[in-house]
Each structure stands twice: as C-alpha cells, then as structure tokens.
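# Structure assessment
Residue strings, one per chain:
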Amino acid sequence: MSTQLLYAFAGVALCGIGLFGFIRLDHLLRKLLAFNLMGSGVFLVMVGLAQRGGEPDPVPQALVLTGIVVAIAATALAVVLIRRYYHLSGRTTLAAPGPERKSTTKPAADREGAEV
Amino acid sequence: MIRVLGVVTMVVACVVFAGFLGLAVWQISGAPAPVNLPGLLAENLEASGVEHPVTAVLLNFRSYDTLLEIGVLVIAGIAGISMARTTSLEDPDLRTSDSLLYALQRWFVPLMLLLAGYLLWAGSDRPGGAFQAGAVLAASGVMMRLGGIPMDFLRPGMLLRLGLALGFTVFLLVAVASALAGEAFLAYPEGFAKPLILAIETVLTFSIAMVLLALFVSAPVNRAQEPEEGERG
Amino acid sequence: MIEWLLDGLLVLALLITAVAVLASRNLFRAVVMFIAFGLLMALAWVRLQAPDIALAEAAIGAGLSGVLLLDAARHLGYNRGGPPK
C-alpha cells in the first residue's frame, strides 16, 4: 500500500460523501457542490490507482485534465440553469412548496434583482 | 421516526457504495497493470513532436479525446449563452466603485495575460499547455468583468461566435485534412507535428477562455424586461 | 514515514473540508469551504506528481469555479439552504 493508493481510497471516500450530499441535500446549489465533490473523488481514484507503483503515468493525468475542464463547463451551465430557474419560479429546490417550506419561496415581485 | 429511518438508510447505502468501490480499488491494485503505459509513452515521445508527455498524450496520442472535449465545451457555451438575459454589458449594476479592485485590475490583468501566454508556450516541454492557459485567460476576463469593464466581444454577434467556434473548427479541419491527405484521421503529417500542435493549442486556449467567460457572463439574470426571441437586448 | 504523515494529513484535511462543504448552514460558508477544498486538491495533485493537473485545479477549481459559485450563492440567498434535517 503506497501513498498513491491512499489518495485513491480518499477519492473513494469523497465519492461516498458526495453521493450522500447529492441525494440528501435539497438546495440546488448544494447538490451542485456535492456533485463536484464526487467528480474530484473520481479524478483522485483515476490517478491514484494508475500511479500506485510510484512512477507518474501521463495518460490518466491527461484524461483528468480534460475531465476538470469539462466539469467546470458543466458546473457553469448548471449555475446558469439554477439561476434561471430561481428567476422564473422563485424556488431554490425542486420539491413542490408545502406548508413547512414557505421560507424557501419568494414572492414574484421580490426576485433576484431587488435584493442587490 | 420515518425521517430518521430515511437518513440512516441513505447513510448505510452510501457507506455500502463506498465500501464496494474501495474493495474494487483494492482488488485492482493487487494485480499488476496489463500494459506498461509509461514505458510505451517514453519510447514514442520523440515521434510526437513535443517533449512533455502529458501534452503529447493530450494533443497527439489521444487527440480525439481533446477534440470531443472542445466540442462538449462549445455545446455547453451555446446552451449557456442562449439563456443569457442581460440588458447590456455596460449595466451600471456591474460597475464597481471599489478603488482596490481598480488598482488590482491595472496590475493583474496584464500579468495574467502574460502568464497565460507563458503557460501556452511552456506546454511543449514542461507542465503547462492549452487548458491551463485558457483557464488563466478566462480568469483575467472574469476579473475585468467584475470590475465593470465593458467587453464588446461578449455581445451576441460575429466576434463571439467566431471565438467560440474557432478552436473546434481548426482542430476538426486539421483532423479532416490529414484524413483527406491519405493518412489516418487526426494523424499529423511527418515533421509538421510541432507547429500544428502549437497552432491547435493556441486556438484551443482562446476558445476555452471564451466559453468559460461567456458562461460566467450569462449566469446573472437581471430584473430587466425579457426581450422576445430574436430581438436584440 | 514523513511522506505518510504528510499524505495522511492532506487526505484528512480533504475529507474534513468535503464534509464541511455539505454540512454548513450558511451557503456562503459552504462555497468558501469548496474553494479551500479546491486548493487542497491542488496540493494533492502535486503530491501525486501531476503538476499539470495541479495548475489546472488551482486555476479552475479554486479560481473560476469559486467566483462563479460565490456569485450564484449571493444571488440565491445565503441562509435559505440548510443542511439536511
């Protein structure tokens, strides 16, 4: 068991933590953060597992580099979608508002721009 | 009670998932790798045209992945821009009166542009390359945007479209050209590998920076009136 | 031995920051912890002998992603998304 393998196991733990957060958290931005944590975990597993022998392996490094750029583009697109959804509906969660969730909705006249 | 049960089930499920993943990682780590990739790479590095192995992999040995990746970025950029609803890029909301930000901008933006150029150039024989340079370029654009500097190339128009499409188009043209010339798709001709790789990296940097900057700019939704489809905002 | 200590501490810091991202009451704090997580990941990439990824993670994960998410968090409201009940 080398230190690189320790990072691979850390990636596994990050995947588990991210998955738990992704399923349990309601706020859309928090789901996005949890999803990014899962992505980082996957990258750690890829590089840590491939380099367990100790010498650097450029192929998974190149793939992870590509993955990071694609992940930021997807995150940015998700942020655009979330803000648009909030602008149109006033909600930051996907669940229908029930009696106990009143605090997460905003009246239509009071949306994004007014609180700046 | 049901709620606590739900949370506990979810915790157990995630722990089991992580456990199975960890077991798989442990099993894989026990067996030796079937192919010695670093050795293969070291043998073929001179044939690739660059000296840094990661750049060689990204832009020569696995250039198909990079081509598809820039395609995905362009699609994400198109999707994000189509939802942009800013009245004008000279929105008074965006201007800042923070003198510290102004001072920082004046010093940092030229330095960041220089750094992006260096990272792009250094990618051929040391860590660096198109992605890092594109990210630093996008970051300098974001800094200018936060300071309220109007950037005309971000208006919907010819310049924006050109910037977004340039990287993918040039890369695809090079790939198809080598296919038409009789070699494999994406195979660089002999001796032309290094200049082609540098040219492709340059346009890739530019495109990546444009996509990320356009996505950042289209995120805010103003209280402005929504323009109709096709109407200039 | 020193390597194990360094890597072990870094892994521990990564996991703690990740849990802190998800468990913060305040959305602003969650995003700030995410930026810190990105910087620690950049350190992890350096330890894994991947300087290209470290450069990209520092610029993208901590820089661009951080600004984007901070901007979004401000507009969505800091205190409306609490951790799971």
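Residues numbered from 1 in each chain as written. Chains lettered and ligands numbered in written order. Predicted model: local features only at pLDDT ≥ 70, side-chain atom pairs only at ≥ 80, totals over all residues.

Our focus in this paragraph is the overall build of chain A. Broken down by element type, chain A carries 3 helices and 0 strands. Moving toward the C terminus, one meets the helices and strands of chain A in the order α-α-α. Classification of the 116 residues of chain A by burial places 56% in the buried group. In chain A, the share of contacts with a sequence separation of at least 24, taken over all contacts with a separation of at least 6, comes to 53%. (Helix = DSSP H or I, 4+ residues; strand = E, 2+ residues; numbered from the N terminus. Buried ≥ 20, exposed ≤ 12 C-beta atoms within 10 Å, placed from the backbone. Contact = placed C-beta atoms within 7 Å.)

The next point concerns the environment of Val217(B). Residues and elements named next belong to chain B. With respect to the element layout, Val217 can be found in helix α8 (residues 193–217). In the structure, Val217 is positioned 76 residues away from Gly141 in sequence and 9.8 Å away in space, judged by C-alpha atoms. With near-sequence residues (within four places) excluded, Val217 lies in contact with Ala84, Arg145 and Leu154.

The interface is formed by 39 residues belonging to chain A together with 35 residues belonging to chain C. Only α1 (3–24), α2 (28–50) and α3 (58–89) of chain A provide two or more residues apiece to the side of chain A that touches chain C. Here the element with the most residues in the side of chain A that touches chain C is α3(A); it accounts for 12 residues. For the side of chain A that touches chain C, the residue count by class is 23 nonpolar, 12 polar and 4 charged. (Nonpolar A, V, L, I, M, F, W, Y, C, P; charged D, E, K, R; others polar.)

All names here are of chain B. Mean pLDDT over chain B: 84, with 89% of residues reaching 70 or higher. The low-confidence segment residues 227–233, where pLDDT is below 50, has 3 contacts with residues more than four positions distant or belonging to other chains. Both confidence scores are given for the complex: pTM 0.88, ipTM 0.89. (pLDDT = per-residue confidence, 0-100.)

So, about the packing of helix α4 (residues 63–81) of chain B against α8(B). All names here are of chain B. Two elements in contact, α4 and α8, have axes separated by 9 Å at closest approach and are oriented at 30°. Classified by the interaxial angle, the pair formed by α4 and α8 is roughly parallel. Between α4 and α8 lies a crossing of left-handed hand. Touching Ile70, Leu73, Val74, Ala76, Gly77, Gly80 and Ile81 of α4 are Leu204, Ser207, Ile208, Val211, Ala214 and Leu215, all from α8. For the contact of α4 with α8, the class distribution of residues is 10 nonpolar, 3 polar and no charged. (Axes fitted to C-alpha atoms, helices over the stretch in contact; angles between N-to-C directions. Parallel < 35°, antiparallel > 145°, perpendicular 65-115°, else oblique. Left-handed = near helix turned anticlockwise from the far one by under 90°.)

On to the packing of α1(A) against α2(A). All names here are of chain A. Between α1 and α2, whose axes approach to 7 Å, the crossing angle comes to 160°. Accordingly, the angle class assigned to the pair α1 and α2 is roughly antiparallel. For the pair α1 and α2, the crossing hand works out as left-handed. Tallied by class, residues from the contact of α1 with α2 come to 18 nonpolar, 7 polar and 2 charged.

Each side of the interface is counted separately: chain B has 41 residues, and chain A has 40 residues. When contributions to the side of chain B that touches chain A are tallied by element, the ones reaching two or more residues are α1 (2–30), α2 (37–48), α3 (53–61), α4 and α8 of chain B. Per-element accounting of the side of chain B that touches chain A gives the leading share, 11 residues, to α1(B). Partitioning the side of chain B that touches chain A into residue classes produces 30 nonpolar, 6 polar and 5 charged.

A positive phi angle, near 75°, is found at Leu186(B), a position not held by glycine. Take Leu186(B): it is sitting in the loop between α7 (158–180) and α8. Judged by C-beta crowding, with 19 C-beta atoms within 10 Å, Leu186(B) ranks as partly exposed. One non-glycine residue, Gln49(C), lies in the positive phi region at around 60°. With respect to the secondary-structure elements, Gln49(C) resides in the loop between α2 (27–47) and α3 (51–76). Take Gln49(C): there are 16 C-beta atoms within 10 Å of it, and that puts it in the partly exposed class.

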